[in-house]
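Residue-level structural notes
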Amino acid sequence: MAKDDVLLEVRDLKMYFPISRGVIFQKAVGMIKAVDGVSFTIRRGETYGLVGESGCGKTTTGRSILQLYRPTAGQVIFEGQDLTKLSGEALRRMRRKMQMIFQDPYASLNPRMTVGEIIGEPLEVHGMARGKQKKERVQELLQVVGLNPYFVNRYPHEFSGGQRQRIGIARALALNPSFIVCDEPIAALDVSIRAQILNLLQDLQGKYGLTYLFISHDLSVVRHISDRVGVMYLGKLFEVADSDELYRNPLNPYTQALLSAVHIPDPAVEARRERIILTGDVPSPANPPKGCNFCTRCPVVMDVCKEVEPDLIDVENGHKVACFRVY
Amino acid sequence: MKNSAVRLPLTSSALVEAIAATEMRRQRRFNPARLIPALFGGTIVLGVALMAIFAPLLSPGDPNLQTLPDRLKPPSWMAEGRPDHFLGTDSLGRDILSRIIHGSRISLVVGVAAVLFSGSIGVPLGLLAGYFGGMVDAILARIADVQQAIPFLILAIAVVAVIGSSLANLILVLAITTWVLYFRVVRGETLSLREEEYIWAARAVGCDNWRIIWRHIFPNLLPSVIVIATLLVANMILFEAALSFLGLGLPPPTPTWGRMVSEGRDYLASAWWIPFFPGLAILITVLGINLLGDWVRDVLDPRRRISALF
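Residues numbered from 1 in each chain as written. Chains lettered and ligands numbered in written order. Predicted model: local features only at pLDDT ≥ 70, side-chain atom pairs only at ≥ 80, totals over all residues.

Once that is clear, we can look at the overall build of chain B. When its secondary structure is counted, chain B shows 12 helices and zero strands. For chain B, the succession of helices and strands along the chain, N to C, is α-α-α-α-α-α-α-α-α-α-α-α. Burial analysis of chain B (310 residues in total) assigns 35% to the buried set. Sequence separation of at least 24 residues holds for 68% of the intrachain contacts in chain B that already meet a minimum separation of 6. (Helix = DSSP H or I, 4+ residues; strand = E, 2+ residues; numbered from the N terminus. Buried ≥ 20, exposed ≤ 12 C-beta atoms within 10 Å, placed from the backbone. Contact = placed C-beta atoms within 7 Å.)

To continue, consider the overall build of chain A. When you go through chain A residue by residue, the secondary structure sums to 10 helices and 12 strands. For chain A, the C-alpha radius of gyration of 21 Å lies close to 20 Å, the compact-globule estimate for 327 residues. For chain A, the C-alpha atoms occupy an extent of roughly 65 × 60 × 40 Å along the three principal directions. Each of the 327 residues in chain A was classed as buried or not, and the buried ones make up 40%. Taking contacts inside chain A between residues at least 6 apart in sequence as the whole, the part at least 24 apart equals 62%. (Rg over C-alpha atoms; globule rule 2.2 N^0.38 Å.)

What follows deals with the nonpolar core. Judged by nonpolar contacts, the single largest core of 143 residues is most densely connected at Ala 170, Ile 180, Cys 182, Leu 213 and Phe 214 of chain A together with Met 236 of chain B. Not counting chain neighbours up to four residues away, the residues in contact with Phe 214 of chain A comprise Thr 47, Tyr 48, Gly 49, Leu 50, Cys 182, Val 222, Ile 225 and Ser 226 of chain A. (Core = buried A, V, L, I, M, F, W, Y, C linked by C-beta atoms within 7 Å.)

Right, let's talk about helix α3 (residues 115-125) of chain A for a bit. With eight of 11 residues buried, α3 of chain A lies mostly within the body of the structure. Buried residues along α3 of chain A sit against α4 (131-144) and α5 (161-173) of chain A together with α8 (197-205) and α9 (209-245) of chain B.

What follows covers helix α9 (residues 253-260) of chain A. Those residues of α9 of chain A lying buried are Pro 253, Tyr 254, Thr 255 and Leu 258 of chain A. In the core, the buried residues of α9 of chain A are packed alongside α7 (219-225), β9 (228-233), β10 (236-242) and α8 (243-248) of chain A.

Moving on, we get to the interface of chain B and chain A. The interface is formed by 18 residues belonging to chain B together with 23 residues belonging to chain A. If you list the elements that add at least two residues to the side of chain B that touches chain A, you get α5 (134-149), α8 and α9 of chain B. Here the element with the most residues in the side of chain B that touches chain A is α8 of chain B; it accounts for seven residues. For the side of chain B that touches chain A, a count of residues per class yields nine nonpolar, three polar and six charged. (Nonpolar A, V, L, I, M, F, W, Y, C, P; charged D, E, K, R; others polar.)

What follows is about unusual backbone geometry. Residue and element names in this part refer to chain A. Positive phi outside glycine occurs at Asn 176, with the angle close to 55°. Structurally, Asn 176 is set in the loop between α5 and β7 (179-183). Look at Asn 176 and you get exposed, because 12 C-beta atoms sit within 10 Å. Look at Leu 234: it is not a glycine, yet its phi comes out positive at around 50°. Mapped onto the elements of the fold, Leu 234 is located in the loop between β9 and β10. For Leu 234, a count of 26 C-beta atoms within 10 Å translates into the label buried.

Attention shifts here to the pairing of strand β3 (residues 47-51) of chain A. Residues and elements named next belong to chain A. Counting buried residues along β3, five of its five residues qualify, which places the element largely inside the surrounding structure. By the alternation rule, side chains of β3 split into Thr 47, Gly 49 and Val 51 and Tyr 48 and Leu 50, which are all buried. Sheet topology places β3 next to strand β8 (residues 211-216); five bridges connect them, and they run parallel. Residue Thr 47 lies in a different strand from β8, and its bridge partner there is Tyr 212. For β3 and β9, the ladder comprises four bridges, and the chain directions are parallel. Bridged to Leu 50 within β9 is Gly 230. (Pairing = 2+ DSSP bridges.)

Residues and elements named next belong to chain B. Chain-level pLDDT for chain B is 83 on average; 90% of the residues reach the 70-or-more range. Per-residue pLDDT, averaged within each element of chain B, yields its smallest value for helix α1 (residues 12-28) (51) and its largest for α8 (93). Segment residues 1-15 is flagged for pLDDT under 50; beyond a separation of four residues in sequence, or across chains, it makes two contacts in the model. Across the whole predicted complex the pTM is 0.82, and at the interface the ipTM reaches 0.89. (pLDDT = per-residue confidence, 0-100.)

Here the focus is the packing of α5 of chain B against helix α7 (residues 167-193) of chain B. All names here are of chain B. Between α5 and α7, the shortest axis-to-axis distance is 10 Å and the interhelical angle comes to 140°. By the angle between their directions, the pair α5 and α7 is classed as oblique. Seen from above, α5 lies across α7 with left-handed handedness. In contact with Ala 144, Gln 147 and Gln 148 of α5, α7 contributes Val 180, Phe 183 and Arg 184. (Axes fitted to C-alpha atoms, helices over the stretch in contact; angles between N-to-C directions. Parallel < 35°, antiparallel > 145°, perpendicular 65-115°, else oblique. Left-handed = near helix turned anticlockwise from the far one by under 90°.)

Turning our attention to the sheet that holds β10 of chain A. Remark on secondary structure: sheet strands pair via backbone hydrogen bonds, oriented parallel or antiparallel. Residues and elements named next belong to chain A. Taken in spatial order, the eight strands of this open sheet run β6-β7-β8-β3-β9-β10-β12-β11, and their pairing is mixed. Every other strand in the sheet has two partners, leaving β6 (98-101) and β11 (313-316) as the edge strands with one partner each. For this sheet the average axis-to-axis angle between neighbouring strands, irrespective of direction, equals 20°. In this fold helix α1 (residues 58-65) packs onto β3, β7, β8 and β9, with an angle of close to 150° to the strand it touches most, β8. In this fold α5 packs onto β6 and β7, with an angle of close to 175° to the strand it touches most, β6.

Next comes the structure, spelled out in structure tokens:
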């Protein structure tokens, strides 16, 4: 895989949500900085893992890449086009190439539409197939995700969580996209089903040459599926590295704390695992601390961390870190 | 012992399967008892509709014929009742049964048409306000507030004073004064539905706003709309009575159920049958519409359709 074959580049992405007051004349009294200056690139055919705890802006990053939220600032360059500058029909046409798989398979399927309508909707909206042709394509997609093609006339409530997630995956595949944002696609599933869905995602990637942005808070899953991993905390990217490198040699203290929380399926190693327990809560994204966002909880905080914001700097061979301890 | 002769070697899992299979069969089996409320409601609604259509044929007499010597006669089965006035007569000696049969025309048309008209204002505006939010929502919600702050009768009087009174205007007035009921509920539900994950999924797929509103949000708030509509039919019939009583609706002596109830009110102690029978007609009609409405709601919901149809 050519290293410079970049499919998606995110440059200094910012997504702020206004906190507004007032009845008719609403005025912003503050900003929730859900994503605050995130930059990364995803190469064609790779799986980019995005990890972080709840509320750190992972999902918002995913949604603003797809322009479901219009970013406050920054650029999202997909196949050479800046998506933030597109709108209307041009943006709709780009949606054929990038799709999303959602977290909760119980919430992401309209309860009043049949499976055929749900999977067929993208085809219909983009005028790619109608009538019999559409039905055949839907049945083909059902087979691709491992479901019975005769399920087309059934409703979502007749399926289990794992089957529903397969329907969601079929919907995302309907337009033959090259890029899929997987927003915690297995977090809401039974543990026994997770492996099946992960394997399906990997099979599909091999079959169709898909590129994934895989958002998750489950570090072992991300390690398993990702080529490269970005660690987010409070709207910022703290560390980026190849998956193995990150897990072997975490440099940022936050990444270290996060990884120390992962159980190791080997009793001998598990007994030696040293847990770094963070104190305090994540600060509010409406009012992040001055300097490094992690300075309020960092076990090795220095004076400079409370004053200056660290940049994400390449320390060796693409392993990027934002931490003054490392530079 | 008697019943211990045959013992099936059921393992626990076989037992579970057997129970599950019985359960499945019980659910699948056609159960006419479940259809009783819907059939009952449907029969009532159909009956009232036929009554309204064929009123001149069914009515035993002229609803507006006054026979003053026969005034305030009780129903025919009572001591002083007359055989030609089955449900008695009112204070002007008019036949109550004839008036109820003829009154069904106005009451049903006003009730149903006003509910549909009111909904066709309130539901789209609620969808727009809830879905787009911002300025659209602020303006529409303020209009709704102002509307609700003005008492119903004062608003009705003002509208009738401007456009005059007729059947069409009566329906218009009722729609203008009640659309807010739909608007509030629809707006609230849309606000929560638009954040559902399947709406985000529809956006990601590339649906435009109109398709999302029409195909994804509207079907999901239909149950609430149906409930409001069926409850509102009764209110519309009574509102019509209130307006007609004040001379803002249809001029007397046009028979309507609402007016019969309000005219008979004064005689409640001495001649209870005057308000009682039209009141009973309203009650039965509204009950029928509600039972039918519940069934329609269930049929439209894929999760309940099976049990609603079989």
